[in-house]
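The primary structure of each chain is shown beneath.
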Amino acid sequence: MKTAQQLVAEAKTRITEVTVQQLQQALNDHHTLLIDVREPEEFSQGHVDRAVNMPRGVLEMKIHQHPSVAHLCEGDQALAQLIEQPVYLMCRSGARSALAADSLRQMGFKQPISVAGGFVAWHEAGLPVEK
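Just so you know, these numbers come straight off a predicted model, no measurement behind them.

Draft legend 1. Representation of the pattern of salt bridges. Scanning the model with the defined rule gives 7 salt bridges in all. For Arg 96, the salt bridge is made with Glu 42, and the minimal N-O distance between the two is 3.0 Å. In this pair, Arg 96 is assigned in helix H7 (residues 95-107) and Glu 42 in helix H3 (residues 40-44), connecting sequence segments 54 residues apart. Glu 42 sits in the partly exposed class, given a relative accessible area of 21%. Note that Asp 102 and Arg 105 form a salt bridge whose closest N and O atoms lie 2.8 Å from each other. Separated by 3 residues within a single helix, Asp 102 and Arg 105 lie in helix H7, roughly one turn from each other. Accessibility expressed as a relative area gives 5% for Asp 102, which makes it buried. You can call Arg 105 partly exposed: its relative accessible area is 32%.

Draft legend 2. Inspection of the environment of Gln 65 at higher detail. Within the element layout of this structure, Gln 65 appears in the loop between helix H4 (59-62) and helix H5 (67-70). Note on Gln 65: relative accessible area 42%, which makes it partly exposed. Separated by 10 residues in sequence, Gln 65 and Gly 75 have C-alpha atoms that sit 7.9 Å apart. If near-sequence neighbours (up to four positions away) are discounted, Gln 65 is found in contact with Met 54 and Ala 70.

Draft legend 3. Summary view of the packing of aromatic side chains. One pass over the structure, following the stated rule, counts 0 aromatic pairs. In this structure, Arg 38 packs its charged tip against the face of Phe 119, placed 4.4 Å from the ring centre.

Draft legend 4. Region of interest: the side chain of Ser 97. Its location among the elements puts Ser 97 in helix H7. Judged by relative accessible area, which is 0%, Ser 97 ranks as buried. Beyond its immediate chain neighbours, meaning those up to four positions away, Ser 97 contacts Val 37, Leu 89, Met 90, Cys 91, Ser 114 and Val 115.

Draft legend 5. Representation of the environment of Lys 12. Looking at the secondary structure, you find Lys 12 in helix H1 (residues 4-12). You can call Lys 12 partly exposed: its relative accessible area is 34%. For the pair Lys 12 and Ser 114, spaced 102 residues apart in sequence, the C-alpha separation works out to 8.7 Å. Not counting residues within four places of it along the chain, the set of residues in contact with Lys 12 comprises Glu 17, Gly 94 and Ala 98.

So, how was this worked out
Residues numbered from 1 in each chain as written. Predicted model: local features only at pLDDT ≥ 70, side-chain atom pairs only at ≥ 80, totals over all residues. Heavy atoms only, no water. Salt bridge = Lys/Arg side-chain N within 4 Å of Asp/Glu carboxyl O. Helix = DSSP H or I, 4+ residues; strand = E, 2+ residues; numbered from the N terminus. Buried < 20%, exposed > 50% of the residue type's maximum accessible area, 1.4 Å probe, protein only. Contact = heavy atoms within 4.5 Å. Phe/Tyr/Trp six-rings, centres within 6.5 Å; stacked < 30°, edge-to-face > 60°. Lys NZ or Arg CZ within 6 Å of the ring centre and 35° of its normal.

Written as structure tokens, this is what we have:
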């Protein structure tokens, strides 16, 4: 049997992680996709500007509804639009986002990226928070 911490540690060996400072720099490109995988009540207490909330439990089933592609196409076509792009994932501490990045990698996404330290690290770094 594996613990949650072991699953996260294994996922982190297969994914790319960035710091909150690297995410902040990436957000200078207005096409950067940031998905916050926390639960809606966590997201509503504060989040990074332009983050789209898709809780970890439904991410794989709803990613094709991301606003950047949902208005252009549906289903598999929407996924095809997203699959090549960097997709940044953030949670509270970096654990759920690591699992989410690994899951998207398994779906065929080429550049799923987890934000190390998550929203806690973002907030502790004094970076801007939306409410």
